[in-house]
Amino acid sequence: MGEVNTFIQSIPLEYFIILSSVLFCLGVLGVLLRKNAIVILGCVELMLNSVNLLLAAFSAYKGNGDGQLLVFFIMVVAAAEVAVGLAIIAMLYRNTRSVDVSIFNKLRG
């Protein structure tokens, strides 16, 4: 168990922070700029996984498993989010034959 922590601790923590920040920014840009609902869902997953990477890195540097336990719960919530999101996208596609999110404006009453 100690060998894994020393290997991860040999990588500077700043590298994990930079990588996680870049991935999160790419996810935010994808959500803001894309109109395809499936791509937007993937970008939300990218943002959640960048946070998971940072939590796991901090947990490894601190030497306890609290952050890794939180990563597990975030992954469970992300899986539920994907299931609900794909169900909504499937219903949108069934009714409109498109996965463009601008279609949601037509659904207003």
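Cut-offs and rules
- Residues numbered from 1 in each chain as written.
- Predicted model: local features only at pLDDT ≥ 70, side-chain atom pairs only at ≥ 80, totals over all residues.
- Heavy atoms only, no water.
- Patch = residues over 30% accessible without salt bridge, like charges linked within 9 Å, V, L, I, M, F, W, Y side chains within 5 Å.
- Areas by Shrake-Rupley, 256 points an atom, 1.4 Å probe, with all protein chains shown as cover.
- Salt bridge = Lys/Arg side-chain N within 4 Å of Asp/Glu carboxyl O.
- Helix = DSSP H or I, 4+ residues; strand = E, 2+ residues; numbered from the N terminus.
- pLDDT = per-residue confidence, 0-100.
- Buried < 20%, exposed > 50% of the residue type's maximum accessible area, 1.4 Å probe, protein only.
- Contact = heavy atoms within 4.5 Å.

Draft legend 1. Layout of a nonpolar patch on the surface. Residues I18, V22, L26, L29, L32 and L33 make up a contiguous nonpolar surface patch of about 630 Å² in total accessible area. Within the element layout of this structure, L32 appears in helix α2 (residues 13–33).

Draft legend 2. Representation of the confidence of the model for the chain in the model. Scored by pLDDT, the chain has a mean of 86; 92% of the residues are at 70 or more. Looking at the elements of the chain, mean pLDDT is at its lowest for helix α1 (residues 2–9), recorded as 64, and at its highest for α2, recorded as 95.

Draft legend 3. Quick look at the environment of S50. Along the polypeptide, S50 turns up in helix α3 (residues 37–62). The buried category is assigned to S50, whose relative accessible area is 1%. If sequence neighbours within four positions are ignored, S50 has contacts with S20, L23 and F24.

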